[in-house]
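Summary of the model geometry
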Amino acid sequence: MADIPEGDRDAVLALVSEALRDAGRTAPPPDTEQGDWLRGHVKWSEPDEHGWVALIPVQFDVWVPKVLVAWQMALQSGNLLQPNWMNDPRYSLRRWPAIETAVRRLYAAPEV
């Protein structure tokens, strides 16, 4: 994480994409956690030259954390979520401290 330069959106996006791919699972999460996950018939592609991964259709279900999907989409679109949303449990990155630090550094950069 320390090697991500402040304000490098692509590096932060690659970090989020890697965490999202690593967090994906084929077994459903416990019933009490299912509201925090998305399910689909996809898997992750291999990283491209920029480190980005994409979802590709497959024959089995994959569960991924909603919060990482939200941050990945925000970073890809160029429209970051509001900084105070990081304190909202639905968008909190506390489970991924390296990503949380990288996103906070991204907000602190002069050009976001």
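1. A word on the side chain of Ser92
Tracing the chain through its elements places Ser92 in the loop between helix H2 (66–77) and helix H3 (97–108). Here Arg94 takes part through its backbone nitrogen, which lies 3.2 Å from a polar atom of the side chain of Ser92. Setting aside chain neighbours within four positions, we find Ser92 in contact with Val67, Trp85 and Met86.

2. Side note on the packing of helix H1 (residues 9–23) against H2
The N-to-C vectors of H1 and H2 enclose an angle of 155 degrees; their axes lie 9 Å apart at closest approach. Considered as vectors, H1 and H2 are oriented roughly antiparallel to each other. Crossing geometry of H1 relative to H2 is assigned as left-handed. Judged by residue contacts, Arg9, Val12, Leu13, Val16, Ser17, Ala19, Leu20 and Ala23 of H1 engage Leu68, Val69, Trp71, Gln72, Ala74, Leu75 and Gln76 from H2. In terms of residue class, the contact of H1 with H2 is built from eleven nonpolar, three polar and one charged.

3. Observations regarding the confidence of the model for the chain
It should be kept in mind that the predicted coordinates are not to be read in detail where pLDDT is low. Residues with a pLDDT of 70 or more make up 88% of the chain, whose mean pLDDT is 81. Within the chain, strand E1 (residues 37–44) has the poorest average pLDDT of any element, 73, and H1 the best, 89.

4. Considerations on the packing of H1 against H3
Relative to each other, H1 and H3 sit at 160 degrees, their axes nearing to 10 Å. Taken together, the axes of H1 and H3 are roughly antiparallel relative to one another. Handedness of the crossing formed by H1 with H3: left-handed. Within the contact between the two elements, H1 uses Arg9, Val12, Leu15, Val16 and Ala19 and H3 uses Ala98, Ile99, Ala102, Val103 and Leu106. Within the contact of H1 with H3, the residues separate by chemical class into nine nonpolar, no polar and one charged.

5. Let's talk about the pattern of salt bridges
Tallying each qualifying case throughout the model produces two salt bridges. For Asp88, the salt bridge identified is with Arg90, shortest N-O distance 2.6 Å. Residue classification places Arg90 among the exposed residues on the basis of a relative accessible area of 57%.

What counts and how
- Residues numbered from 1 in each chain as written.
- Predicted model: local features only at pLDDT ≥ 70, side-chain atom pairs only at ≥ 80, totals over all residues.
- Heavy atoms only, no water.
- Helix = DSSP H or I, 4+ residues; strand = E, 2+ residues; numbered from the N terminus.
- Polar contact = N/O pair within 3.5 Å; in protein donor to acceptor, adjacent residues only side chain to side chain.
- Contact = heavy atoms within 4.5 Å.
- Axes fitted to C-alpha atoms, helices over the stretch in contact; angles between N-to-C directions.
- Parallel < 35°, antiparallel > 145°, perpendicular 65-115°, else oblique.
- Left-handed = near helix turned anticlockwise from the far one by under 90°.
- Nonpolar A, V, L, I, M, F, W, Y, C, P; charged D, E, K, R; others polar.
- pLDDT = per-residue confidence, 0-100.
- Salt bridge = Lys/Arg side-chain N within 4 Å of Asp/Glu carboxyl O.
- Buried < 20%, exposed > 50% of the residue type's maximum accessible area, 1.4 Å probe, protein only.

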